[in-house]
Amino acid sequence: MRTTDPGLARLSLQIADCTACPRLVAAREAVAGPGYWARPVPGFGDPDARIHVLGLATAPHGGNRHGRAFTGNRSADTLVAALHRAGLANQPSSRHARDGLHLHRAWMASAVRCPPPEHRPTRAERDACLAWLTAEVAALRELRVIVCLGRTAWEAACDWAGAHPRPRFGHGAEHRTDGGLLLLGCYHPSPQNTHSGRLTPAMLDDVLLRARDRAGLDPLDTDLEESA
Ligand code: SF4
């Protein structure tokens, strides 16, 4: 099931026009090649999402190139293949913005929508961009679970949710926010983690299936048939 949502569409346009962080505005343009999006990357997915997949920051040659979250690099393919296995995506790859990918009951975005140098935003940049997470979460009215990819995304989500003391990150760690959302920790699907065996496909599947369960999704509520 998908719906069009004018509010989310307007919000995406606002995010794409953001220039709040001068250092990151310069960074996103400095790394851009011909045809790059080189603007902030809004969230992508199903307006009826119950599961939000949150990364730390836009990849310089992934989202920053294609203008879509988790698109065009190996981390994106690993993540979307797992979303597909979990019935949350219609296809197992995420190559470019017109590749036909759509998500089912899921949304994905980064806490920091522009690519920071060395993938390290300052605290002020991260906190400024979390305002967009607040706006998107408010617009995703069925949201129940945020899967946080990696320690820094987990810390961003915990700080955003006002969790003090900050709960310890781990693969499979859980924290219920005061607002009733469940934060669920997951190792980042980076090539470094997948090649070393720190994160296996089975471990990723376990987290996403747990997210489905915690989000109250019926096992039959999937999009797998649309990829045939
Ligand atoms: S990182 Fe976020 S707040 Fe900063 S310029 Fe980009 S979209 Fe705006």
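S.K.: What exactly am I supposed to notice about the sheet that holds strand β4 (residues 145–149) here?
M.R.: Across a sheet, strands are paired by hydrogen bonds formed along the backbone, either parallel or antiparallel in direction. Pairing within the open sheet is mixed, and its six strands lie in the order β1-β3-β2-β4-β6-β5. A strand with exactly one partner marks an edge of an open sheet, and here the two such strands are β1 (44–45) and β5 (174–176). Pairing between β4 and strand β6 (residues 182–186): five bridges, direction parallel. The residue of β6 that forms the bridge with Leu149 is Cys186.

S.K.: How should the pattern of salt bridges be read in this particular structure?
M.R.: A side chain with one charge may pair with a side chain of the opposite charge, provided their charged atoms come close. Summed over the entire model, instances satisfying the criterion amount to 19 salt bridges. Its salt-bridge partner being Glu142, residue Arg105 comes within 3.0 Å of it at the nearest N-O pair. Linking Arg105 in the loop between α4 (74–85) and β3 (106–112) with Glu142 in the loop between α5 (123–139) and β4, this pair joins segments that are 37 residues apart in sequence. The partly exposed category is assigned to Glu142, whose relative accessible area is 29%. As a salt-bridge pair, Arg123 and Asp159 come within 3.5 Å of each other at their nearest N and O atoms. You can see Arg123 sitting in helix α5 and its partner Asp159 sitting in helix α6 (residues 151–160), a full 36 residues away along the chain. Asp159 gets classed as buried once you look at its relative accessible area, which sits at 15%. Several salt bridges share partner residues, and in doing so they unite Arg123, Arg126, Asp127, Glu155, Asp159 and Arg166 into one network.

S.K.: Any chance you could explain the packing of helix α1 (residues 6–16) against α5 here in plain terms?
M.R.: For any two helices packed against each other, one specifies the crossing angle of their axes together with the interaxial distance. Close contact between α1 and α5 brings their axes to 10 Å; oriented N to C, the two are set at 170°. Relative to α5, the element α1 lies roughly antiparallel. For the pair formed by α1 and α5, the contact residues are Leu8, Leu11, Gln14 and Ile15 on the first element and Trp132, Ala135, Glu136 and Ala139 on the second. Residue composition of the contact of α1 with α5, by class: six nonpolar, one polar and one charged.

S.K.: Would you mind showing me how to read the pairing of β4 here?
M.R.: Each regular strand displays side chains that alternate between the two surfaces of the sheet. Taking burial as the measure, the five residues of β4 include five buried ones, the bulk of the element. Judged by which residues are buried, β4 turns out to be covered on both faces: Val145, Val147 and Leu149 on one side and Ile146 and Cys148 on the other are all buried.

S.K.: Teacher, can you tell me more about α6 here?
M.R.: Note on helix geometry: an α-helix contains 3.6 residues per turn, so any two residues three or four positions apart are oriented the same way. Of the residues making up α6, those classed as buried are Ala153, Trp154, Ala156, Ala157, Cys158 and Asp159. In this structure, the buried residues of α6 make contact with β2 (51–57), β3, α5, β4, β5 and β6. Two residues or fewer past α6, Gly162 is found with a positive phi of approximately 75°.

Here is what the cut-offs are and how they apply
Residues numbered from 1 in each chain as written. Predicted model: local features only at pLDDT ≥ 70, side-chain atom pairs only at ≥ 80, totals over all residues. Heavy atoms only, no water. Pairing = 2+ DSSP bridges. Helix = DSSP H or I, 4+ residues; strand = E, 2+ residues; numbered from the N terminus. Salt bridge = Lys/Arg side-chain N within 4 Å of Asp/Glu carboxyl O. Buried < 20%, exposed > 50% of the residue type's maximum accessible area, 1.4 Å probe, protein only. Axes fitted to C-alpha atoms, helices over the stretch in contact; angles between N-to-C directions. Parallel < 35°, antiparallel > 145°, perpendicular 65-115°, else oblique. Contact = heavy atoms within 4.5 Å. Nonpolar A, V, L, I, M, F, W, Y, C, P; charged D, E, K, R; others polar.

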